[in-house]
Amino acid sequence: IEKLDLVSSNCQWKKLSREEFLLKLKDDKKFHKESNEHIGKIMEMMEKGYDNEKIRSSFRKTKYLEEMIEFAKSRIKVRRKFSKYDQLWMDAYSASYSTPEIPAIYRSEKLRGRKILDAGSGAGMQSIFFSTNSKVTGVDLNMERVYMAQLNAMAYGSNANFIHGDIFQLSDVDGKYDTVFSDPLRGKTSEERFLEELSPNPLDIVEYFSGVVENFVFDLPPMIRQDKLSRLTGELEYLSMNGALQRLTSYSGSERKYSAVMLPSGL
C-alpha cells in the first residue's frame, strides 16, 4: 500500500506546473525560504549518492518535489559558475548555457553606462550583471524563464527588469535603448555552428532594430568559423577561462577587428 501511495503522489507532483511553482516562489517569502531549505537538503543527499527514488521517499509529503529535484541538479551544475549558486533558479538548459559570473562581470564593465535590451534573456544572469553598470531590460518568450530571471535578480539584489514578450513585437523601442544584446538559444550540438541555427537569429535582430538601436552585442558559440560571421561587422572577442576557449562575443562597429581575453579561472 505504501508503494502504491508513493506512485500516486509522484503522479500528482508531476502534474503540478513549474510555472506555478516559480510564481509562488515570487509571491510567498515563507514558501521561498522553505523551498530553498528543501533544495539544500536535496543537494546534500545527491552529493552523498542518493538516487531520486530515495530522495522522493524522504520528501513524500512535499509539493513540487520534482521541480525541487530539477533545481537542485541545476544548482550543483552551476556551483563553480556563480557565487550565489545556492539561491539560483535555472532549468537544465539555463544551467548549461548561462554566461558564468566572471565573463558576465567582464562584459558588464565593457558595456558600462549603456541602455541595454537583452533579447532572449533566459534565466537572466547576464542582465543581472549588466545592471550593476547599466540600465537593462530582459525580454523572453518563455514565461518560466522570466520568473527564474526575476527570482535570480532578487538573489543578487539586481534592479534588472524582466518582461515576457516577443522582441520583434516590442513598442516604444526608439530612444529607450542604445544597445541590443542577445545570447541566442543554441540548436543541437554539432561540430560546426551557423548563425541560422540560433534563436533568435542575430541577423534578424540587426535587420529589425537597425536605425532604431545603435549597438549590437551577441554571445555566439565560439566554434563558428569567422567566414560565417562576415555579416556581423565590428569586433570579435574570444574569451578563455581555465586555459580553454569559452565564449565568443560580437560587438558591432564599422571595422572588423579581433581580440582575445584570458579571464580569471575561479570566483
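Refer to the preceding data block for the structure.
Participant: Sorry if this is basic, but what is going on with the overall build of the protein chain here?
Facilitator: Counting its secondary structure elements, the protein chain contains 10 helices and eight strands. For 267 residues, the compact-globule formula gives about 18 Å, and the C-alpha radius of gyration of the protein chain, at 20 Å, lands near that figure. Each principal axis of the C-alpha distribution contributes one length, and for the protein chain these read about 70 × 40 × 30 Å. When burial is assessed residue by residue, the protein chain has 49% of its 267 residues classed as buried. Surface summary for the protein chain: the accessible area is close to 13,800 Å², and the carbon and sulfur share equals 49%.

Participant: Is there a simple way to think about the sheet that holds strand β6 (residues 235-241) in this case?
Facilitator: Within a beta sheet, neighbouring strands are joined by backbone hydrogen bonds and run either parallel or antiparallel to one another. Across the sheet, eight strands lie side by side as β3-β2-β1-β4-β5-β7-β6-β8; this open sheet has mixed pairing. Every other strand in the sheet has two partners, leaving β3 (161-164) and β8 (257-262) as the edge strands with one partner each. Averaged over all pairs of adjacent strands, the angle between strand axes in this sheet comes to 20 degrees, irrespective of strand direction. Pairing of strand β1 (residues 115-119) with strand β4 (residues 179-182), which is carried by three bridges, proceeds in the parallel orientation. Bridging across to β4, leucine 117 finds its partner in valine 180. Against the sheet, helix α10 (residues 202-209) makes contact with β1, β4 and β5 (215-220), and its axis sits at roughly 170 degrees relative to β5, the strand it touches most.

Participant: How do you make sense of helix α7 (residues 101-110) when you look at a structure like this?
Facilitator: Quick reminder: α-helices carry 3.6 residues per turn. Residues three or four places apart thus point the same way. Of the residues making up α7, those classed as buried are Glu101, Ile102, Pro103, Ala104, Arg107 and Ser108. Next to the buried residues of α7 lie α8 (125-130), α9 (143-156), β4, β5, β6 and β7 (244-251).

Participant: What is the right way to read unusual backbone geometry from this model?
Facilitator: Among all residues save glycine, negative phi is the norm, and among peptide bonds the norm is trans. In this structure, proline 200 follows serine 199 across a cis peptide bond, with omega equal to 0 degrees. The topology assignment puts proline 200 in the loop between β4 and α10. In this model, tyrosine 64 sits at a positive phi of 60 degrees, which is unusual for a non-glycine residue. Assessed through its relative accessible area of 6%, tyrosine 64 is described here as buried. Residue asparagine 242 is not a glycine yet carries a positive backbone phi of 55 degrees. With respect to the helices and strands, asparagine 242 occurs in the loop between β6 and β7.

Participant: Got a minute to help me understand the packing of helix α3 (residues 29-47) against helix α5 (residues 65-77) in this structure?
Facilitator: Two measures define how a pair of helices packs: the angle their axes make with one another and the distance between the axes. One can describe the packing of α3 onto α5 by two numbers: an axis separation of 9 Å at closest approach and a directional angle of 65 degrees. The two elements α3 and α5 cross, and the hand of that crossing is right-handed. Of the residues in α5, those touching α3 at Ser35, Asn36, His38, Ile39, Ile42, Met43, Met46 and Glu47 are Leu65, Met68, Ile69, Phe71, Ala72, Lys73, Arg75 and Ile76. Broken down by class, the residue content of the contact of α3 with α5 amounts to 10 nonpolar, three polar and three charged.

Participant: Would you mind going over the pattern of salt bridges with me for this structure?
Facilitator: If charged atoms from side chains of opposite charge come close, those side chains can pair. Evaluation of the coordinates by the stated rule reveals 15 salt bridges. A salt bridge links arginine 107 to aspartate 219; its shortest N-O distance comes to 2.9 Å. A residue pair is termed long-range when its members are at least 10 positions apart, and arginine 107 in helix α7 and aspartate 219 in strand β5 qualify at 112 residues. Across the pair, aspartate 219 and arginine 107 agree in class, each one buried. The closest approach of N and O atoms between aspartate 219 and arginine 247, which form a salt bridge, is 2.8 Å. Of this pair, aspartate 219 sits in strand β5 while arginine 247 is found in strand β7, placing the two residues 28 residues apart along the sequence. By relative accessible area, aspartate 219 is classed as buried at 0%. Sharing partners across several salt bridges, the network here consists of Arg107, Asp183, Arg186, Asp219 and Arg247.

Participant: It is not clear to me how the nonpolar core should be interpreted in this structure. Could you clarify?
Facilitator: The tendency in soluble globular proteins is for nonpolar side chains to be buried as a group. One finds Phe21, Ile42, Phe82, Trp89, Met90, Met125 and Tyr156 to be the most contacted residues of the largest nonpolar core, which totals 46 residues. Of all the secondary-structure elements, those providing two or more residues to this core are α2 (18-27), α3, α5, α8 and α9. When residues of this core are assigned to their parent elements, the largest contribution, nine residues, is made by α9. Setting aside residues no more than four positions away along its own chain, phenylalanine 82 makes contact with Leu88, Met90, Ser98, Thr99, Pro100, Glu101, Met125, Phe129, Tyr156 and Leu267. The next biggest cluster of nonpolar side chains, apart from the first, holds 22 residues, and it includes Ile205, Ile224, Leu229 and Leu248.

What counts, and at which threshold
- Residues numbered from 1 in each chain as written.
- Predicted model: local features only at pLDDT ≥ 70, side-chain atom pairs only at ≥ 80, totals over all residues.
- Heavy atoms only, no water.
- Helix = DSSP H or I, 4+ residues; strand = E, 2+ residues; numbered from the N terminus.
- Rg over C-alpha atoms; globule rule 2.2 N^0.38 Å.
- Buried < 20%, exposed > 50% of the residue type's maximum accessible area, 1.4 Å probe, protein only.
- Areas by Shrake-Rupley, 256 points an atom, 1.4 Å probe, with all protein chains shown as cover.
- Pairing = 2+ DSSP bridges.
- Axes fitted to C-alpha atoms, helices over the stretch in contact; angles between N-to-C directions.
- Contact = heavy atoms within 4.5 Å.
- Left-handed = near helix turned anticlockwise from the far one by under 90°.
- Nonpolar A, V, L, I, M, F, W, Y, C, P; charged D, E, K, R; others polar.
- Salt bridge = Lys/Arg side-chain N within 4 Å of Asp/Glu carboxyl O.
- Core = buried A, V, L, I, M, F, W, Y, C linked by side-chain atoms within 4.5 Å.

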